[in-house]
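Geometric and topological summary
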Amino acid sequence: AEDDVSTSFDSLLAGSNRFEALLKWFLQYAPFKRDIKVIQARFGSAVASYFIFYRFVFVLTAALGAVLIAFGTLHVVEMSKSTSNPLRFIVSNSFLPKIMLFSSYHYNENVMYSAMISIG
């Protein structure tokens, strides 16, 4: 079913069902697609299923990494806006940047913090 997909990225912008177009585009350009087909032809579907799971873990890790980098950057930008010297949080004479020395915990987050600790 992955071979029959012929959707370009431009169809994402002009379409009624964007989720289906995005899914078709991802299936067409999935990472490790050719490699998994070669492995499946040589070693069978049982071995290929491991690599399909590995592809899922790889894509999930990449997506979560992108989200973490985006929110981490946003956090640093917001912290630097709240001070008179924006570089104070980033530049340091020590081994670690000063941003690692400051906690992002605020006192108005105590209920949420306690709930996350009790759940985890």
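Remarks on the overall build of the protein
Counting secondary structure elements, the protein contains four helices and zero strands. Each of the 120 residues in the protein was classed as buried or not, and the buried ones make up 12%. The long-range share in the protein, meaning contacts at least 24 apart out of those at least 6 apart in sequence, stands at 20%. Taken as a whole, the protein presents about 10100 Å² of accessible surface, with 66% of it coming from carbon and sulfur.

Quick word on the packing of aromatic side chains
Scanning the entire structure with this criterion turns up five aromatic pairs. Geometrically, the ring pair formed by Trp25 and Tyr29 is tilted, given 5.6 Å between the ring centres and 50° between the ring planes. What links up through ring pairs into an aromatic cluster is the set Phe32, Tyr54 and Phe58.

Describing a nonpolar patch on the surface
A cluster of nonpolar side chains, contributed by Phe53, Phe56, Val57, Leu60 and Leu64, occupies part of the molecular surface with about 480 Å² of accessible area. Secondary-structure assignment places Phe53 in helix 3 (residues 45–81).

Describing the confidence of the model for the protein
Averaged over the protein, the pLDDT score is 75; the fraction of residues at 70 or greater is 63%. Of all the helices and strands in the protein, helix 4 (residues 110–119) carries the lowest mean pLDDT, 78, while helix 2 (residues 33–43) carries the highest, 93. Contacts from residues 1–6, a stretch scored under 50 in pLDDT, to residues over four places away or in other chains number eight contacts.

Some details on unusual backbone geometry
In this structure, Phe32 takes a positive phi of about 60° despite not being glycine. Tracing the chain through its elements places Phe32 in the loop between helix 1 (18–28) and helix 2.

Observations concerning the environment of Ser49
With respect to the helices and strands, the residue Ser49 is situated in helix 3. For Ser49, a relative accessible area of 41% gives the class partly exposed. Through-space distance from the C-alpha of Ser49 to that of Ile39 is 9.8 Å; in sequence the pair is ten residues apart.

What counts and what doesn't
Residues numbered from 1 in each chain as written. Predicted model: local features only at pLDDT ≥ 70, side-chain atom pairs only at ≥ 80, totals over all residues. Heavy atoms only, no water. Helix = DSSP H or I, 4+ residues; strand = E, 2+ residues; numbered from the N terminus. Buried < 20%, exposed > 50% of the residue type's maximum accessible area, 1.4 Å probe, protein only. Contact = heavy atoms within 4.5 Å. Areas by Shrake-Rupley, 256 points an atom, 1.4 Å probe, with all protein chains shown as cover. Phe/Tyr/Trp six-rings, centres within 6.5 Å; stacked < 30°, edge-to-face > 60°. Patch = residues over 30% accessible without salt bridge, like charges linked within 9 Å, V, L, I, M, F, W, Y side chains within 5 Å. Salt bridge = Lys/Arg side-chain N within 4 Å of Asp/Glu carboxyl O. pLDDT = per-residue confidence, 0-100.

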